[in-house]
Each structure stands twice: as C-alpha cells, then as structure tokens.
Amino acid sequence: MAPLVIKHGYPFEEHEVETEDGYILTIHRIPHGKNSSGRVGRPVLLQHGLLCNSACWVVSEPDKGLGFILADSGYDVWMPNSRGKTYSRKHRYLNADNEPDAAKYWDFSIHELGYYDLAACIDHILGLTGHKKLHYIGHSQGTTIFFVLTSMRPEYNDKVAHMSALAPVVFFDRTKGTVLAMAYLLNELHEVAKLINLHEFLADHWYIHMFERIMCNGNGFIEKICANVLFITAGHESEQMNVTLIPIIWDYTPARTSIKQLDHFSQIAGGNKFRQFDYGMIGNLEKYHQLDPPDYELSKISTPVTLHYARNDWLSDVEDIMKLKSKIQNGNSRLVPFYSFNHLDFMWARDVKPLLYDDMIKIMGEY
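All figures in this text were calculated on a predicted structure; none of them were measured in a lab. (Residues numbered from 1 in each chain as written. Predicted model: local features only at pLDDT ≥ 70, side-chain atom pairs only at ≥ 80, totals over all residues. Heavy atoms only, no water.)

**What to know about helix H10 (residues 259-271)**
Using the following cut-off: Runs of H or I in DSSP of at least four residues are treated as helices and runs of E of at least two as strands, each being numbered from the N terminus. Given the number of residues in a helix, its expected span is that number minus one, multiplied by 1.5 Å. To sort residues, take the accessible area from a 1.4 Å probe on protein chains only and compare it with the maximum for the residue type: under 20% means buried, over 50% means exposed, and anything in between is partly exposed.
The terminal C-alpha atoms of H10 lie 18 Å apart, and with 13 residues this matches the ideal 18 Å at 1.5 Å per residue to within 8%. For H10, the buried fraction is high: eleven of the 13 residues fall into the buried class. Here H10 has its buried residues at Ile259, Lys260, Gln261, Leu262, Asp263, His264, Phe265, Ser266, Gln267, Ile268 and Ala269. Downstream of H10 by a residue or two, Asn272 has a phi angle that is positive, lying close to 55°.

What follows is the structure, given as structure tokens:
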C-alpha cells in the first residue's frame, strides 16, 4: 500500500487500532496534500467495499484517485481496512490461518464490521486529531456498515459531520444481472463451506496474484476478458473503465472476506429486509430472544447523508436508493450524470472527478 502513495510524493502513515472484540485493524493515512505546507485539515474516513481494501482509493493517478484528490483538497485522509483484509489480519489472541482459531476468527458478518470495526476507527481518528466530527465516505459495503453502526449505536451520528454514500447497498429489491443469481447461491455456499471447514472467501495466495499478473497485464483480447470479469456484478458497458488500471487493480483485489459476511448479504437480498444475521429459529432465540433477527432501525440515523447513485449500477438500483432515502432522517440524493456509469466506476472511472468527486467535495464543504 505505502508505495502506491509515496511514489507520487504524498505523505503516508500507518496506524493500528484494536476493536472491542480483539481484532487489530490497520488504518492508512494521507495527512495532507503535496502543496499544503504540511497543514493537516479536517479528517475524512474512506471506507472500502466488500472485496476491496484501502489500496482501492489510491490505485489511480493523483488526478483520479479519491485519496489523493481529498488530500489535495485540504482533507486529512484516513483509509481503514476491515477485519480479515490483507492489512488487518491480526487479533489479540486468535490466528486467522490456523485451526481451531480460524473458525473463531472468521466468525463475523457485516454486523461486526459496523458495530466494532467502524466504531473503533472513528474513535481513533477523532481521538488522535482532536476533532469532534469527521466526514465519512463509503463505497458499496462501506455504506452498509455505516448504516449498521449509526442505527445500532446512534451516538455515532454525532461524530460524523456528513456521510457521502457512493453506490449505497442496503436493499436488494431491484438487484439485476448475475448479482441476483449469486445472492441465492451464497446461502448454499455457506452450507458447503461448513462441511469442508472453509471460513474465508478468496484467500490471498501468491499464486492467484501471479496468475492475474500473467493473464491481465497484456493488451487486447485477454485484457478485455479481465475487464469484463470485473463488471460481471457491477453493470454492463464499461465505457468509463480505465483499462490501464486493470493489472494494478488485480494486484490488490479481490481482497478476502468471510463466508459469513457473504451469507449475511445473501440473507438481506433473499428476505428484502435490512436486518441482523439470521442464525435460524433456535440460534435467534439464543442470541436475540426472538424467532427472527431484529431489523436495523434506519430511522435512528440522523447524520446528514448524500446518496450518490447511477442508473447502470446492478448492485444499487435507483428504486432501492429511493427506498433507503425514505427511511433515514436527513437524506439527499444525487444521480451521476452519465448513463452507463456502474458500480466500480465510483472508484475507477476515467472521468470520475468531474462526474462525481467535484460535486461530492462541494457538498462536503457545506457541512
């Protein structure tokens, strides 16, 4: 991660924070831009999506990578890595790779990412910088876990000045394409994984990245295949895809995640309800003292939120966005003015700055 930032002349820091349940997370920081004379501005937290990590914000060149753009706009940029990711695999006493610890280590869903990880990161950033509030920007799952945190622990609403939700993922009523089919297959994957004692999805092995480098680092037909693999779940027509980024993207993604995390998304998609993990009737009675898992009470979210969405996003449909907007206290929405803009374009589109980031930063400046 560090070389991606340092090679462009930006300052870089690495911080560790421990969650209430013992996971040790790494947060990467760009404290200021190249031309700021070392002045550190207001903190902003950039939270990655399901199969990404902090590197996803800085794989692009400085005029397109959001981490760099925010730093040059006067912000103090913090990029956490959720538990289990490449840079956040430590735990106070559990080993992520060896049994019997691994089963316990990987026993987390999106609930823990919001309730524990995000809370710990926000407290660390505010405690170290002395600010009372920070800005929050999340992409995809990075929005989901924000809504988990601020509905379950409403006091965190007062610690966030404004939340920019890029391609927010909460409801799946109108999900399209291969994503819809995958959502229903994930539950079966969870059952198979239990039988073969598999806890993590897309383990970060060296030979996987070697294959990606060989296959996706060329030109023409093979590179187009790699690009299309990226967009299978994101939306068709990759008009904005910067193909020169593909080899770099494959170096850092897909980042591993827990099987239980995927299963939680599958449950939400299958039930059309944004609620806590479903352990089955008996498990729910033991954990929640009721037959069904509790819903996340979105009405408790009072942070000002801007929902940035696109019409060609198969994961985050327009109607699902409007449903989310109707359930939070202080929500606004903005449509990206490019019809074929898709789920991954929010990070890596060629024209992402004029299409999205410029207006987003202008809105942030109002809070």
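**Regarding helix H5 (residues 141-152)**
Relative to the 16 Å expected for twelve residues at 1.5 Å per residue, H5 spans 16 Å between its end C-alpha atoms, a close match to the ideal helical length. The element H5 is extensively covered by neighbouring structure, given that eleven of its twelve residues are classed as buried. Where H5 is concerned, the buried positions are Gln141, Gly142, Thr143, Thr144, Ile145, Phe146, Phe147, Val148, Leu149, Thr150 and Ser151.

**A word on the environment of Tyr87**
To be explicit about the condition: It only takes one pair of heavy atoms within 4.5 Å for two residues to be counted as in contact. Counted as a polar contact is a pair of N or O atoms within 3.5 Å, where, for protein atoms, one must be capable of donating a hydrogen and the other of accepting one, and residues adjacent in sequence contribute only when both atoms are in side chains.
Locating Tyr87 in the fold gives a position in the loop between strand E4 (76-80) and strand E5 (90-91). The sequence separation of Tyr87 and Thr26 amounts to 61 residues, and the corresponding C-alpha distance is 5.9 Å. Among residues more than four places away in sequence, those in contact with Tyr87 are Met1, Thr26, His28, Asn53, Ser54, Ala55, Asn81 and Tyr252. At a separation of 3.4 Å, a polar atom in the side chain of Tyr87 contacts the main-chain amide nitrogen of Met1.

**Remarks on the packing of aromatic side chains**
Here is the rule we go by: In this analysis, rings of Phe, Tyr and Trp, with Trp reduced to its six-membered ring, are considered paired at centre separations within 6.5 Å, and the interplanar angle assigns stacked below 30 degrees, edge-to-face beyond 60, and tilted for intermediate values.
Here the structure, examined in full by the defined rule, presents 14 aromatic pairs. Between the aromatic rings of Tyr105 and Phe108, the centroid separation amounts to 6.4 Å while the plane-to-plane angle is 80°, which identifies the pairing as edge-to-face. Given the relative accessible area of 0%, Tyr105 is considered buried. Looking at Phe108, the relative accessible area reads 0%, which means it is buried.

**Digging into unusual backbone geometry**
The amide bond that connects Glu99 to the next residue, Pro100, takes the cis arrangement and shows omega of 0°. Position of Pro100 among the secondary structure elements: in the loop between E5 and helix H3 (101-105). With a phi angle near 55°, Ala167 is a residue other than glycine that sits in the positive phi range. For Ala167, a relative accessible area of 0% puts it in the buried group. Of note, His289 is a non-glycine position whose phi angle comes to about 60°, a positive value. Here His289 lies in the loop between helix H11 (280-288) and strand E10 (305-309).

**Quick look at the nonpolar core**
Note the threshold: Side-chain atoms within 4.5 Å are what join buried Ala, Val, Leu, Ile, Met, Phe, Trp, Tyr and Cys residues into a set we call a nonpolar core.
With 52 residues, the main nonpolar core has Ile122, Tyr136, Phe147, Phe274 and Leu298 as its most contacted residues. Take this core: its biggest share by element is nine residues, from helix H4 (residues 110-129). Beyond its immediate sequence surroundings of up to four residues, Phe147 is in contact with Met163, Val170, Phe274, Leu298, Ile301, Val305, Leu307 and Leu324. Judged by nonpolar contacts, the second largest core, of 45 residues, contains Leu166, Leu356, Tyr357 and Met364.

**Concerning the pattern of salt bridges**
Threshold: Salt-bridge detection follows one rule: a side-chain nitrogen of Lys or Arg within 4 Å of a carboxyl oxygen of Asp or Glu.
Under the criterion given, the structure shown has 17 salt bridges. Ionic pairing is found between Glu16 and Lys90, a salt bridge with its closest N-O pair at 2.5 Å. Of this pair, Glu16 sits in strand E1 (residues 13-18) while Lys90 sits in strand E5; the two residues are 74 residues apart in sequence, bridging distant segments of the chain. By relative accessible area, Lys90 is classed as partly exposed at 45%.

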